[in-house]
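A structural walkthrough
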Amino acid sequence: MPTVELLFSAQPEHVRTARLVAAAVARRAGVDEAALDEVRLAVGEACSRAVGLHRSNGVEAPVRVMLNEDEKTFSIEVADEVPGNAHGSSPDSGGDEAADDEGEMGLAVISGLVDDVEVIEGAVGGVIRMSWPTPSA
C-alpha cells in the first residue's frame, strides 16, 4: 500500500500540487536534501506527461501518483490510463506528433534526473516508476 496516494484531474494546474506533495513526502522519508529538487522536477515532468496524454487522448480518468516509503528507498509511481498504443511508442500510433515529442522529451529529462527509473506501457495505461535512496533505519 502506498504511503501517500494522490489522484488529480488531468489539468496542468494540478501538476504543481503533485510536485509539492512529492517533495514533502520525500523530505519526511529522508531523501537527501540535495535530491529534493530532482524529485520535484522528475515528478513534474512525469505528471505533465500523464496530463498531456490524458488530454490529447480524451481520457477523463484522473492521473494517479503513488508515493512509497520503504526502509532503504523512496519511490514514486505516476500512472496514466491511456492505452499503450496511444503513448507514441509505435509509428502508427495515430497520436498527436507534437504531444509525442513532448512526452519523449519529458522521459529524457526524467532519465537525466533519476538514476533508478522504469517506464511501463500496458494495455490499460502507463506507469513511470522512480526511486531514490534513503538512509537505512
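Please read all numbers here as calculations on a predicted model, not as lab measurements.

Definitions and cut-offs
Residues numbered from 1 in each chain as written. Predicted model: local features only at pLDDT ≥ 70, side-chain atom pairs only at ≥ 80, totals over all residues. Heavy atoms only, no water. Salt bridge = Lys/Arg side-chain N within 4 Å of Asp/Glu carboxyl O. Helix = DSSP H or I, 4+ residues; strand = E, 2+ residues; numbered from the N terminus. Buried < 20%, exposed > 50% of the residue type's maximum accessible area, 1.4 Å probe, protein only.

**Quick look at the pattern of salt bridges**
Summed over all chains, the structure comprises 6 salt bridges. Between arginine 40 and aspartate 37 there is a salt bridge, with the nearest N and O atoms lying 2.4 Å from each other. Of this pair, arginine 40 and aspartate 37 both sit in helix H2 (residues 36-56), 3 residues apart, which is roughly one turn of that helix. Residue arginine 40 is classed as partly exposed on the basis of its relative accessible area, which comes to 21%. Looking at aspartate 37, the relative accessible area reads 46%, which means it is partly exposed. Here glutamate 77 ties to arginine 129 by a salt bridge, and the two come within 3.0 Å at their closest N and O atoms. Here glutamate 77 is found in strand S3 (residues 73-79), whereas its partner arginine 129 is found in strand S5 (residues 125-133), with 52 residues between them in sequence. Connected via shared salt-bridge partners are Glu77, Glu118 and Arg129.

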